[in-house]
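# Structure at a glance
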There are 2 protein chains.
Amino acid sequence: MKKIRRSARIADMTQHLLERPNVLIPLTFFAERYSSAKSSISEDLQIIKEVFELEGLGELRTLPGAAGGVKYIPKISLEKCKEWVTEMLEGLSDPTRLLPGGYLYMSDYLNQPQYVNRLGKIFSSLFTDKEIDYVMTVETKGIPLAFATAQYLNVPVIIVRRDNRVTEGSVVSINYISGSSKRIQTMSLSRRGLKEHSKVLIIDDFMKAGGTIRGMMDLLQEFKADVVGTCVLVESESEEQRLVDNVISLIQLNEVDIRDKKILIQLGNLFQMMEGVHS
Amino acid sequence: MKKIRRSARIADMTQHLLERPNVLIPLTFFAERYSSAKSSISEDLQIIKEVFELEGLGELRTLPGAAGGVKYIPKISLEKCKEWVTEMLEGLSDPTRLLPGGYLYMSDYLNQPQYVNRLGKIFSSLFTDKEIDYVMTVETKGIPLAFATAQYLNVPVIIVRRDNRVTEGSVVSINYISGSSKRIQTMSLSRRGLKEHSKVLIIDDFMKAGGTIRGMMDLLQEFKADVVGTCVLVESESEEQRLVDNVISLIQLNEVDIRDKKILIQLGNLFQMMEGVHS
């Protein structure tokens, strides 16, 4: 790129950083790109850093030394998370969303890239600096959420299949019991999908008794992986015993009354923990 | 936001535009945000516009008048598309990727957000200004590609299910015949998923005879929708007659020889058309 003035350089650096979350970019890369001194680049980065902090977009972390550089770490505040989730809650409280079996129709949110990206930013913010290797989910509706999260963490996604499709090569399969329906089901993961001893973040859209998440955890044991965290968008109250602990939820569905068309919905345990911290 | 200097303003405007592709932002929004005159904002936008053009990131389109504003339209050149796809081709030519049935293991690419986003940028660039209402795909492996595409077009995604899950409400189902396996299969779409008379872009990861895509088109007829385009990452040569026409492919798989572990793979018809234009 030819030598350009500071304002143009800043526009270009901003786009470059935003497109590469959690990637370390050496300062020499920018210095050569704009034929500028490293000291000018550092000043530019300082300006961008202040804007990102002011806007709550995340951190611009500078690592010194020969192997150093700058890294954009997307991270939003819990207050911002709460604001976004509260906005969704209002939309989800509409009783026409009630579906048989105590489910809520949420696909209009889960199919909108801007909402999905927001949720991915929330989940990824919770696991900054946890050195996640993979984000894992099970088909189908959790996939967009898992991708959005992985995009900000800059790691690949693992999609567990509920069938055993030909296009994945050899697979590891396990049987699990769905906590709600009590049926034996199968889930499988491509053997090539995951390196052993990896650190994995599990993401899903909905959890009731937690049978599916328990299944994913069991499957991960086959790969000697370490589950660093588990997050769901909605956790629903269940009469069954929970099959998993320590699942972070953004939304909690307490009661669904199909007859009277009533939904009791509230902020999930992430924010309840937060209240705990403040009080 | 308090009044800030030009370079900080430009960092903030750049992030704001990049995060909202295909959204019209009134100039007054920026003017009020930075307590600046509209003329300064226009100058800032001109700087960003030049950087975006220089970097091949897309267009910054300014619409005049009271209902006007500025819109970032991600659009990359065919040359850039070709460069990215050529890079993938090299990785995909590895014979250890061969799977029974003439399939290729591609999940390592399809599971990496940065590759998926690149592919989404390619697909969306081809349909700028086509007023797409939805991007449609069928579960499972096309979902990330569809989301990445939809994110740049700023439209929702429709996911067609191969089963009939409870959490979608009432659905429209059709039977279709998989062109390769000749089996009758079912696909279904939530009735709430799609408004009638919408303009739809179909995205999938792999096409052989095209039975699945034919099925999606038939399903869309039930919603009186208009298929504006169909794109696949890989099209594979098939001895069967093609069930669909005018499918754009990025990669073409000509021959897979499991015995001799050989793959014959090349750039897809998008680039073959491009050569045609140049000659």
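Quick summary incoming for the structure in this document. Everything quoted here is computed from the prediction, not taken from an experiment.

### A short note on empty space enclosed by the protein
To locate leftover empty space, one rolls a probe as large as a water molecule over the atoms. Applying the stated rule across the entire model yields six cavities of 30 Å³ or more. When its volume is computed, the largest cavity comes out at roughly 120 Å³. Surrounding the largest cavity, 14 residues form its lining, Phe147(A), Gln151(A), Phe147(B), Ala148(B) and Gln151(B) being those nearest its centre. Reported here for the second largest cavity is a volume of approximately 100 Å³. Together, Tyr105(A), Ser107(A), Asn111(A), Thr140(A), Lys141(A), Ile158(B), Ile159(B), Arg161(B), Glu168(B), Leu189(B), Ser190(B) and Gly193(B) line the second largest cavity. Within the residue set of the lining of the second largest cavity, elements represented by two or more residues are strand 6 (157–160) and strand 8 (184–190) of chain B. Considering only residue class, the lining of the second largest cavity consists of four nonpolar, five polar and three charged.

### Focus: the interface of chain A and chain B
Chain A puts 58 residues into the contact, and the matching count from chain B is 58 residues. Taken together, the two surfaces of chain A and chain B that pack against each other cover about 4,800 Å², and 59% of this comes from carbon and sulfur. Across the chain A-chain B interface, the total number found is four salt bridges. Ionic pairing is found between Glu55(A) and Arg33(B), a salt bridge with its closest N-O pair at 2.4 Å.

### Points about the packing of aromatic side chains
For the structure on display, the rule yields eight aromatic pairs over all chains. Here the aromatic rings of Phe52(B) and Tyr72(B) are separated by 5.2 Å at their centres, their planes lie at 65°, and the arrangement is edge-to-face. Highlighted residues: Phe52(B) in helix 3 (residues 38–54) and Tyr72(B) in strand 2 (residues 69–74), separated in sequence by 20 residues. With relative accessibility at 0%, the residue Phe52(B) sits in the buried group. According to the relative accessible area criterion, Tyr72(B) is buried, its value standing at 3%. Through pairs of rings, three or more aromatic residues link up here, namely Phe29(A), Phe30(A) and Tyr34(A). Residue placement shows Arg192(A) over the ring face of Tyr105(B); its charged tip is 4.6 Å from the ring centre.

Thresholds, definitions, all that
- Residues numbered from 1 in each chain as written.
- Chains lettered and ligands numbered in written order.
- Predicted model: local features only at pLDDT ≥ 70, side-chain atom pairs only at ≥ 80, totals over all residues.
- Heavy atoms only, no water.
- 1 Å grid on protein atoms, 1.4 Å probe; cavity = no way out; pocket = protein on both sides within 12 Å on 5 of 7 lines; lining within 4 Å.
- Points joined across faces, edges and corners; volume = space filled by probe spheres on them.
- Helix = DSSP H or I, 4+ residues; strand = E, 2+ residues; numbered from the N terminus.
- Nonpolar A, V, L, I, M, F, W, Y, C, P; charged D, E, K, R; others polar.
- Contact = heavy atoms within 4.5 Å.
- Buried area = accessible area lost by both parts, 1.4 Å probe.
- Salt bridge = Lys/Arg side-chain N within 4 Å of Asp/Glu carboxyl O.
- Phe/Tyr/Trp six-rings, centres within 6.5 Å; stacked < 30°, edge-to-face > 60°.
- Buried < 20%, exposed > 50% of the residue type's maximum accessible area, 1.4 Å probe, protein only.
- Lys NZ or Arg CZ within 6 Å of the ring centre and 35° of its normal.

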